[in-house]
Amino acid sequence: MPLNLNELTPYLSVIVLKIDDNTFNINKLFELLANNNRYIQTSTHSSGAIIYFKNYTETKKVSWSSSNLNDTINHLMIIFKLDDYLAFYHSDNSKKNTLYKLMFRGPIGHDFKKLKLIRKEVLNAAFINNVKIKNLWLNNIDKSSDLKADSKVLSGKNLEEALDPLGDSNYSFSALKVEIGDESIGINTSDSKVWTKKYSDSDEYFDSLEILLSSIKDCDINNNLNFEPISILANSHTNITKINSLIDIQLANIEEFESQSDEYNLLVGINHLWDNWSFVYSCSGNTLVVEIYNDSNNTNKIALLGLNLINDSEIVYVKSIVSTELDDVYNLKQVFENKDIIKFWFNDNYSLINGFIFKQKFRDVLFKNFEWHTFQNTDVSKEKPSNLSLVGQQDSLFCWVKKYWKGISNGFVDINQQFVPGWLMCDDGANEKADFIHITNEAVPTISFIHAKGANTNSTDRNISTTAYEVVVSQSIKNLRYIDKNLLSETIELSPSVNVNNLVWHNGNTKTRTDLKNYINTLSNYKKRVVILQPHLIKDKFENTNHTAINKNRVNQLNTLFVSAQITIQSLGAEFLVIADDI
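About the thresholds
- Residue numbers here run from 1 along each chain, matching the order of that chain's written sequence.
- Totals for whole chains, interfaces and linings use every residue, but because this is a predicted model, local features are given only for residues with pLDDT of at least 70 and side-chain atom pairs only at 80 or more, for both listing and counting.
- Hydrogens and water molecules were not included; the side-chain quantities draw on all heavy atoms of the structure.
- For helices the rule is a DSSP run of H or I covering at least 4 residues; for strands it is a run of E covering at least 2, with both sets numbered from the N terminus onward.
- Think of it in three bands: with a 1.4 Å probe and only protein chains considered, a residue is buried below 20% of the maximum accessible area for its type, exposed above 50%, and partly exposed in between.
- Contacts were defined at the residue level, with two residues in contact if any of their heavy atoms lie within 4.5 Å.
- His is not counted here, nor are the chain ends, while Lys and Arg score as positive and Asp and Glu score as negative.
- Taken as the charge location is NZ of Lys, CZ of Arg, CG of Asp or CD of Glu.
- Strand pairing is assigned whenever DSSP identifies at least 2 bridges connecting the two strands.
- An axis is simply a line fitted to the C-alpha atoms; with a helix, the fit covers only the stretch in contact. Between two such axes, the angle follows the N-to-C directions and lies from 0 to 180 degrees.
- Working definition: roughly parallel below 35 degrees, roughly antiparallel above 145 degrees, roughly perpendicular at 65 to 115 degrees, and oblique for all remaining angles.
- Three categories are distinguished: nonpolar for Ala, Val, Leu, Ile, Met, Phe, Trp, Tyr, Cys and Pro, charged for Asp, Glu, Lys and Arg, and polar for the others, with Gly belonging to the last.
- We count a salt bridge whenever a side-chain nitrogen from Lys or Arg sits within 4 Å of a carboxyl oxygen from Asp or Glu.
- In plain words, nonpolar cores are sets of buried Ala, Val, Leu, Ile, Met, Phe, Trp, Tyr and Cys residues tied together by side-chain atoms within 4.5 Å.
- Sulfur atoms of two cysteines make up a disulfide when they are within 2.5 Å.

Examining the overall build of the protein
(1) Moving on: Counting its regular elements, the protein contains 13 helices and 28 strands.
(2) Moving on: A principal-axis box enclosing the C-alpha atoms of the protein has dimensions of 90 × 65 × 55 Å.
(3) Moving on: Looking at the protein residue by residue over its 583 residues, the buried ones come to 48%.
(4) Moving on: A separation threshold of at least 6 residues defines the contact pool for the protein, and within that pool the share at least 24 residues apart is 64%.
(5) Moving on: One finds the centroid of the 58 positive side-chain charges in the protein at a distance of 2 Å from the centroid of its 69 negative side-chain charges.

What follows is the structure in structure tokens.
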């Protein structure tokens, strides 16, 4: 029975493709993926795109019984064609896997070989530029170990800001969801998939497909690809010229796959054998040779494989020649050619994972959360006044906090203010929680834990120094436990020294620690911030692009120190800020 196009509202999840040869015949897709090429219906979208669609039924044995019970399943296949760009939808996920296999491993001259995945650079430029990332599916490009997760799934408001620049640098993203306007769009760049949601209106559904393909077409034709998303994560390419000696292979975790998938079945068939095998690697020209033994002495060879890497610009895949007397030789070949279930590592820290090549290396990180200030009427080398009772009356950093601190991002320091707005407490001493604790006068107040340290010298010629920050950063980490409001409240009355017992103010007026405790106990919604006040670092010197080798190394060390502290502090939901000198 013919379908009414206006009634079609499937979940929008499509493989996006480009026709690479104008002799491509769309009927071939339906012939192999929708039983036959009969009864294909067509329509024309308002944009001029052509819509091909067909529904059919199949009978399938139920999975929950050993009897001959069958289900009759209705399936739908749609091809949305805008010029040379296609959006492929099929209600049967297994047909999508069939499409991939025929595209990459089908016989030469087959019509599916005339299709190409959309390059990941095009998908990145079309959908991931200047957007908030809401979900990330990450894969570890390191070898599997007990110390690091093989994969991670993250969700949040803006994940690019939440990633760990050190710990996540050896993860790549296989897929993500971004927020564009009022919609969330998912993109899997390695499989050239895009998904959004189920639309209740067919016009909206096909309009969305037109917008999607138009965006891809525009970026592809105009080559508008000067964009690399999520620079923290590992970058990939498809250049196989630097790949040489194979040094290790690993199987993916079976738990990552659905129990009915081809990948799951392949892993079930080989996992019980794999751990008992040993592998010897060598090369023969451009062929990577793998010898498989089933004994620890490598005397009983059970298989010999020759592997060749094929680069078709969108993805790297493996072609294998297998020589073995094993009964499951066909499965062994499929395992080594399936990019989703096997990972390869090569010399010089190269790896081949999910069809892309990665180079593992430490990448220097950049800390950005500085506040630069001119410390007027302040000797930056003086941490404290001559007596804490004189805080705010001399030219030390403690006095700078007492006189000029505001604690809010706009107008961070007001040189003309009469008092520090909000609550301010000095807690300096051997068992301090911070040198100062400040709480802003805002609807959602910010509690700042301020750790102050004097510069090594007040000379304007002072050099960049990592050691100037090591102690004060360590102090900030050591006292992180107090950013818990309840623990702070419990200990607020325990002053580390009698010298600071009465150094509490609210809007410039002297108060007690009990007053501050009572206020803290009323807070139900607040933000947290850890502040390092150490003006030894001078902005112009830190940002100088003509660093000497020594200073460049110090800058990299400082960035690493600050970023590692930021990661720890942000993991507890607090902001991390470093205040330094803008002479």
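The rest of the description comes next.
A short note on the pairing of strand β14 (residues 278-284)
(1) Moving on: One ladder, built from seven bridges, connects β14 with strand β15 (residues 287-293); its direction is antiparallel. When the bridges of β15 are listed, Ser 282 appears paired with Val 289.
(2) Moving on: Linking β14 back to β15 in an antiparallel pair, the connection comprises two residues, with Gly 285 at a positive phi of about 65 degrees.

Focus on the sheet that holds strand β21 (residues 370-373)
(1) Moving on: Pairing is mixed in the open sheet, where eight strands are placed in the order β21-β28-β27-β24-β23-β22-β25-β26. Two strands in the sheet have a free side with no partner beyond their single neighbour: β21 and β26 (509-510).
(2) Moving on: Note: strand β25 (residues 504-506) against β26, two bridges, orientation antiparallel. Pairing of Trp 505 across the sheet is with Thr 510, part of β26.
(3) Moving on: Sheet strands in contact with helix α8 (residues 397-404) are β21, β22 (423-426), β23 (436-439), β24 (446-452), β25 and β27 (527-538), and its direction is about 130 degrees off that of β27.
(4) Moving on: With respect to the sheet, helix α13 (residues 549-570) is in contact with β21, β27 and β28 (574-581), its orientation differing from that of β28 by roughly 150 degrees.

Comments concerning the packing of helix α9 (residues 467-478) against α13
(1) Moving on: Where α9 meets α13, the axes come as close as 11 Å, and the angle between the chain directions of the two elements is 5 degrees. Relative to α13, the element α9 lies roughly parallel. Contacts between α9 and α13 involve Tyr 469, Glu 470, Val 473 and Ile 477 from the first element and Leu 558, Leu 561, Phe 562, Ala 565, Thr 568 and Ile 569 from the second.
(2) Moving on: Grouping the constituent residues of the contact of α9 with α13 by class yields eight nonpolar, one polar and one charged.

Concerning the pattern of salt bridges
(1) Moving on: This structure, assessed with the given rule, holds 21 salt bridges.
(2) Moving on: Of the charged contacts in the structure, one is a salt bridge between Asp 427 and Arg 513, with a shortest N-O distance of 2.9 Å. One end of the pair, Asp 427, is in the loop between β22 and β23; the other, Arg 513, is in helix α11 (residues 513-522), with 86 residues separating them in the sequence. Taken as a pair, Asp 427 and Arg 513 share a single burial class, namely buried.
(3) Moving on: Its salt-bridge partner being Arg 529, residue Glu 575 comes within 3.2 Å of it at the nearest N-O pair. Taken as a pair, Glu 575 in strand β28 and Arg 529 in strand β27 lie far apart in primary sequence, 46 residues in all.
(4) Moving on: Residue Glu 575 is classed as partly exposed on the basis of its relative accessible area, which comes to 34%.
(5) Moving on: Connected through salt bridges with shared partners, the residues Lys 18, Arg 119 and Asp 220 form a single ionic network.

Points about unusual backbone geometry
(1) Moving on: For Asn 130, which is not glycine, the phi torsion reads 55 degrees and is therefore positive.
(2) Moving on: The exposure class of Asn 130 is exposed, given its relative accessible area of 76%.
(3) Moving on: Backbone geometry places Ser 192, a non-glycine residue, at a positive phi of 55 degrees.
(4) Moving on: Its place among the elements puts Ser 192 in the loop between β10 (183-188) and β11 (193-198).

Considering the packing of helix α6 (residues 262-274) against helix α7 (residues 329-337)
(1) Moving on: Relative orientation of the contacting elements α6 and α7 amounts to 100 degrees, with a least axis distance of 10 Å. Taken together, the axis directions place α6 and α7 in an arrangement best described as roughly perpendicular. Note on element contacts: α7 touches α6 through Asn 331, Leu 332, Gln 334, Val 335 and Phe 336, opposite Leu 266, Ile 270 and Trp 274.
(2) Moving on: Of the residues contributing to the contact of α6 with α7, the split by class is six nonpolar, two polar and no charged.

Describing the pairing of strand β2 (residues 41-44)
(1) Moving on: Relative to strand β3 (residues 50-61), β2 runs antiparallel, the two being bridged by four bridges. Bridge pairing links Ser 43 to Ile 51 in β3.
(2) Moving on: In this structure, the hairpin formed by β2 and β3 is closed by a connection of five residues, where Gly 48 is found at a positive phi of approximately 100 degrees.

Concerning the nonpolar core
(1) Moving on: Judged by nonpolar contacts, the single largest core of 46 residues is most densely connected at Val 16, Ile 78, Phe 127, Leu 136, Leu 176, Leu 213 and Ile 216.
(2) Moving on: It is helix α5 (residues 202-221) that provides the largest number of residues to this core, a total of seven residues.
(3) Moving on: Setting aside anything within four residues of it in sequence, one finds Leu 176 in contact with Ile 128, Ile 133, Asn 135, Leu 136, Trp 137, Ile 185, Gly 186, Ile 187, Trp 195 and Ile 230.
(4) Moving on: Listed in part, the 40 residues of the second largest apolar core include Phe 449, Tyr 469, Leu 480 and Val 504.

A word on the state of the cysteines
(1) Moving on: Here the structure, examined in full by the defined rule, presents zero disulfides.
(2) Moving on: Free of any disulfide, Cys 399 has its nearest neighbouring cysteine sulfur in Cys 426, separated by 9.9 Å.
(3) Moving on: Classification of Cys 399 by relative accessible area gives buried; the value is 0%.

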